[in-house]
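Given next are the chains, with one letter for each unit.
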Amino acid sequence: MDITNLAVLLIASFFIIIPIFVLFKSKVTGLATYIYVFICFISGPIWSVSIVMFRESTSFDDALFWNKIIYLVSIFIGAFFYYFSLIYPQKKKIKIYDLILWLWGLVIVYFLYTTDSFVVQVILNDKGNSIKMGIFYYVWAVWLTYMMVSGQMRMLLALSKLNRFEREQVKYIVLGSIFPAIGTIPTNIIMPALGLYEYI
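Residues numbered from 1 in each chain as written. Predicted model: local features only at pLDDT ≥ 70, side-chain atom pairs only at ≥ 80, totals over all residues. Heavy atoms only, no water.

Counting residues in each nonpolar core, the largest one holds 51 residues, and the members touching the most others are Tyr71, Phe84, Phe118, Ile131 and Trp140. Contributions of two or more residues to this core are made by helix H2 (31-56), helix H3 (60-87), helix H4 (96-114), strand S1 (119-123), strand S2 (130-133), helix H5 (135-160) and helix H6 (164-193). Looking at this core element by element, the count peaks at 14 residues for H3. (Core = buried A, V, L, I, M, F, W, Y, C linked by side-chain atoms within 4.5 Å. Buried < 20%, exposed > 50% of the residue type's maximum accessible area, 1.4 Å probe, protein only. Helix = DSSP H or I, 4+ residues; strand = E, 2+ residues; numbered from the N terminus.)

Attention now moves to the packing of aromatic side chains. With the rule as written, the count across this model stands at 15 aromatic pairs. Note on Phe76 and Phe80: the rings are 6.3 Å apart at their centroids and 20° apart in plane angle, and the pair reads as stacked. Of this pair, Phe76 and Phe80 both sit in helix H3, 4 residues apart, which is roughly one turn of the helix. For Phe76, a relative accessible area of 40% translates into the label partly exposed. Residue Phe80 is classed as partly exposed on the basis of its relative accessible area, which comes to 26%. An aromatic cluster of three or more residues is present, and its members are Tyr71, Phe118, Tyr137, Tyr138 and Trp140. Positioned above the aromatic ring of Tyr82 is the side chain of Arg154, whose terminal nitrogen or guanidinium carbon lies 4.6 Å from the ring centre. (Phe/Tyr/Trp six-rings, centres within 6.5 Å; stacked < 30°, edge-to-face > 60°. Lys NZ or Arg CZ within 6 Å of the ring centre and 35° of its normal.)

Looking at the chain as a whole, its pLDDT mean stands at 81, while 80% of the residues score no less than 70. The least confident element of the chain, judged by mean pLDDT, is helix H1 (residues 3-26) at 66; the most confident is H4 at 95. (pLDDT = per-residue confidence, 0-100.)

This is the structure in structure tokens:
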């Protein structure tokens, strides 16, 4: 295992430790607690391990399997993070628009696993492997970016409407939720779309 993969696993451990700290500091309760822990678990260990396994794969079947897991996990992250932003720090009414966005997530999963319009080809190489991306890769990229950015904006706007005491309680969870996306969007969406797949 090369240094890059070890670094990915090391970063994954921070995605476990930091959210636990944030969780205690923010005093999150109820359903939001479970959603937050779930997001942290799949975005840290599961997503990171699937990336490492893809990079370490030496057969096309194994590489394709792990590559699809990477994107499946990212779809769960986007969907659950968006939902989390609807219930925290202030609960909001779920609209038809929100349901349509989640439905698009299911559509992307369908195309990921039943067609080659997402992953056209797996390319094995000594740089950690890569893929040739189809049109639904770009649909996924736009969808995931929107789910993450709109969720972050919603929470930041809600944060500004709270009183000082409430804002102090929830600011850690909001900032802790934004932190993972800042690092993952450039390396997992933008750079691969530009052909720099080795930085995933």
